[in-house]
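# Structural overview
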Amino acid sequence: MKHLLALAALPLLFATPAHAQDKVDPAALRATVEKLVSFGTRHTLSDPDHPTRGIGAARRWTANEFERISASCGNCIQVANLARTFEGPRAPDGVNVVNVLGFQKGRDPNRVVIVMGHIDSRVSDVMNFTADSPGANDDASGVALVIEAARILSKEQFDATIIYAALSGEEQGLWGATLLAETAKERGWVVSAALNNDMVGNTVGQNGKRISDRVRVFSEGIRAVETLEQHRKRRGDGGEDDGPSRALAKAIAEVSEDTKGIDVFVNRRPDRFGRGGDHEAFLRLGYPAVRFTVAAENYDQQHQDLRTENGRVYGDTIDKMDFPYMARIVQLNLNAIRRFASAPAVPNNVRMDGAVSTDTTVKWEAAPGAAGYRIHWRRNNAQNWTDHRDVPANTTELVLKDIVVDDHFVGVSSLSKDGAESIVAFAGRGQ
């Protein structure tokens, strides 16, 4: 095990074609969740040194899984711990928060796609670190997804670096995600996408209804990172539904069209009503980030002591999970990661002009490694892009004839030589 390493120290990989449908193994997902549950509790404040119980044992096992996967691909994944001490109301004496990370380096060592879940669990009392807390769906399911993604994608090569992340401290304050997001900022990583998978394994909701054909993808509209002046400018441009996080969610919805058996519900909130998750730590620093969560939540299975009261069974246990459904969400993540890790970076400084004109001029800065660009537009009364035009890599300006700027939104994405497309950057007013 190494400590967190500089991405420049990793070997180079190159993009390869995507696979429409992988052999995602529901039995392997179950086995991973069962193993994580077997540690009794994975509470962030639990014993970090016990060999078989607590978060430390769970983290060491996860690191070993990454190492095992890496050994089968010629050490293509390098494993590291990223740690920092945090203190707060849910850890008044401080706690060492440790993330387990696997780095699969791409041709561009500085650009990253992150897929993550949180390894910690809890019961009714967030400070109870001794009681059994299986955390099967919340969030052994997310960690199992990350491990399965590493197993499958490690056989391929990409332009961007993929970071497989098992985060700690989510239940105590999104601390592991905060640490990883701040590390990305400190090291100057270009984050093309941060995919947070938190509760992706059950299909029966609190009301008994089963939903097994869709997953919710939560994304922010107005950006948390914006200043008041930037907010006013976005209001004037009309880009409330086209920030980086929302553009990422829309792109994932496009990817779902090639993913069998799962539809994406683009949920136009940063997270569930009044609740939060690890992706928000990335949103606070301006990165495109979303949360995948099941379509039907059962609240008796979330943050509950294991018990039965008046015939109602409480607790987040593995018998409530649907692994074939979870496998479809894994496949959706795989297809999304392939797209974003194969595509170039998003164009910067995308802007448009055309006031008092029947034409619209759109301009942007060249994106490193782009083989071309795709200019999207739609009428202002539509949520999704309806038209586009592709241009070569040496083009950074285009006039859209007879497209009236008052009535249309415009955006630009980067294309790889194989046609992989970045998320779309919304065009605002030029300076």
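Heads up: the structure comes first, above all this text.
This one's a predicted model, so the numbers in the text were calculated from it and none came from an experiment. In this convention, every chain numbers its residues from 1, walking through the sequence in written order. Per-residue local features of the predicted model are confined to residues with pLDDT of at least 70, and side-chain atom pairs are confined, for both listing and counting, to 80 or more; whole-chain, interface and lining totals are unaffected and use all residues. Neither water nor hydrogens contribute to the side-chain values; these are computed over all heavy atoms in the structure.

## Section: helix α7 (residues 244-256)
Quick note on the threshold: In this text, helices come from DSSP runs of H or I with a minimum length of four residues, and strands from runs of E with a minimum of two, each type numbered from the N-terminal end. Here the expected length of a helix is defined as 1.5 Å per residue gap, with one fewer gap than residues. To sort residues, take the accessible area from a 1.4 Å probe on protein chains only and compare it with the maximum for the residue type: under 20% means buried, over 50% means exposed, and anything in between is partly exposed.
If you check α7, its first and last C-alpha atoms are 18 Å apart, about what 13 residues at 1.5 Å a residue would give, namely 18 Å. Among all positions in α7, only S245, R246, A247, L248, A249, K250, A251, I252, V255 and S256 are buried.

## Structural notes on the state of the cysteines
The criterion, for reference: The disulfide definition used here is simple: a pair of cysteine sulfur atoms within 2.5 Å.
Tallied over the full model, the rule gives one disulfide. The disulfide partner of C73 is C76, and the S-S distance across this bridge is 2.0 Å. Taking the torsion about the S-S bond as the criterion, the C73 to C76 disulfide, at about -85°, is left-handed. Given a relative accessible area of 10%, C76 falls into the buried group.

## Topic: the sheet that holds strand β12 (residues 348-353)
Whenever strands of a sheet pair, they do so through backbone hydrogen bonds, lying parallel or antiparallel. Note the following rule: At least two bridges found by DSSP between two strands are what make those strands a pair.
With mixed pairing, four strands are arranged side by side in an open sheet as β16-β13-β12-β19. Unpaired on one side and paired on the other, β16 (397-400) and β19 (428-429) mark the two borders of the sheet.

## Section: the packing of aromatic side chains
Under the convention used in this document: Pairs were defined over the aromatic rings of Phe, Tyr and Trp, the Trp ring being its six-membered one, requiring ring centres within 6.5 Å. Orientation was assigned from the angle between planes: stacked under 30 degrees, edge-to-face over 60, tilted for the rest.
Applying the stated criterion across every chain yields a total of six aromatic pairs. Ring geometry for F86 versus W175: centroids 5.5 Å apart, planes at 10°, classification stacked. Here the residue F86 occupies a position in strand β2 (residues 77-88), and W175 occupies one in helix α5 (residues 175-187), the gap between them amounting to 89 residues. With 6.2 Å between their ring centres and 75° between their planes, F103 and W189 make a pair best called edge-to-face. Residue F103 is located in strand β3 (residues 91-104), and its partner W189 is located in the loop between α5 and β6 (190-197); the two are separated by 86 residues in the primary sequence.

## Brief notes about the sheet that holds strand β17 (residues 408-415)
Read across the open sheet, the four strands follow the order β15-β14-β17-β18; overall the sheet is antiparallel. Each of the sheet's edge strands pairs with one partner strand only, and the pair in question is β15 (387-392) and β18 (425-426).

## So, the pattern of salt bridges
Heads up, the rule is: Throughout this description, the term salt bridge denotes a Lys or Arg side-chain nitrogen within 4 Å of a carboxyl oxygen of Asp or Glu.
Per the counting criterion, the structure on display carries 31 salt bridges. Ionic pairing is found between E156 and R338, a salt bridge with its closest N-O pair at 2.5 Å. Taken together, the positions of E156 in the loop between α3 (136-153) and β5 (160-167) and R338 in helix α9 (residues 323-342) put the pair 182 residues apart, joining distant regions of the chain. You can call R338 buried: its relative accessible area is 1%. Of the charged contacts, one joins K233 and D237 as a salt bridge, the two residues approaching to 3.1 Å between their closest N and O atoms. Here K233 and its partner D237 are both found in helix α6 (residues 228-237), four residues apart, which amounts to about one turn of the helix. Among the residues examined, K233 registers a relative accessible area of 29% and is labelled partly exposed. Each of D198, R216, D271, R272, R275, R291 and E297 takes part in salt bridges that share partners, so that together they form one network.

## Digging into the environment of G88
Summarising the element assignment, G88 is placed in strand β2. When the C-alpha positions of G88 and Q172 are compared, they lie 8.2 Å apart, and in sequence the two are 84 residues distant.

## A short note on the packing of α7 against α9
Just so we agree on the cut-off: In this description, a line fitted to the C-alpha atoms serves as the axis of each element, helices being fitted only across the stretch in contact, and the angle between N-to-C directions of two axes falls anywhere from 0 to 180 degrees. Note on convention: near helix rotated counterclockwise from far helix by under a right angle means a left-handed crossing. Clockwise means right-handed. In what follows, residue pairs with any heavy atoms lying within 4.5 Å of each other are defined as contacts.
Closest axis-to-axis distance for the α7/α9 pair is 9 Å, and the angle between their directions is 115°. Taken as a pair, α7 and α9 cross one another with a handedness that is right-handed. For the pair formed by α7 and α9, the contact residues are L248, A251, I252, E254, V255 and S256 on the first element and L332, N335, A336, R339 and F340 on the second.

## Comments concerning the environment of I423
Along the polypeptide, I423 turns up in the loop between β17 and β18. When its relative accessible area of 5% is taken as the criterion, I423 is described as buried. In this structure, the C-alpha to C-alpha distance between I423 and N333, residues 90 residues apart in sequence, is 15 Å.

## Quick look at unusual backbone geometry
For residues other than glycine, phi is negative in most cases, and the peptide bonds are mostly trans. The amide bond that connects D138 to the next residue, D139, takes the cis arrangement and shows omega of 5°. Considering the arrangement of structural elements, one finds D139 in helix α3. Phi is positive for N75, which is not a glycine, with a value near 60°. Within the secondary structure layout, N75 lies in the loop between α2 (55-71) and β2.

## So, the nonpolar core
Put simply, the rule reads: Here, nonpolar core means buried Ala, Val, Leu, Ile, Met, Phe, Trp, Tyr and Cys residues that are tied together by side-chain atoms lying within 4.5 Å of each other.
In terms of nonpolar packing, the biggest core is built from 67 residues, with Y164, L195, I252, F292 and F340 touching the most fellow members. Element by element, the count of residues in this core is highest for α9, at 12 residues. Ranked by size, the runner-up nonpolar core spans 28 residues in total, among them A177, W189, V191 and A289.

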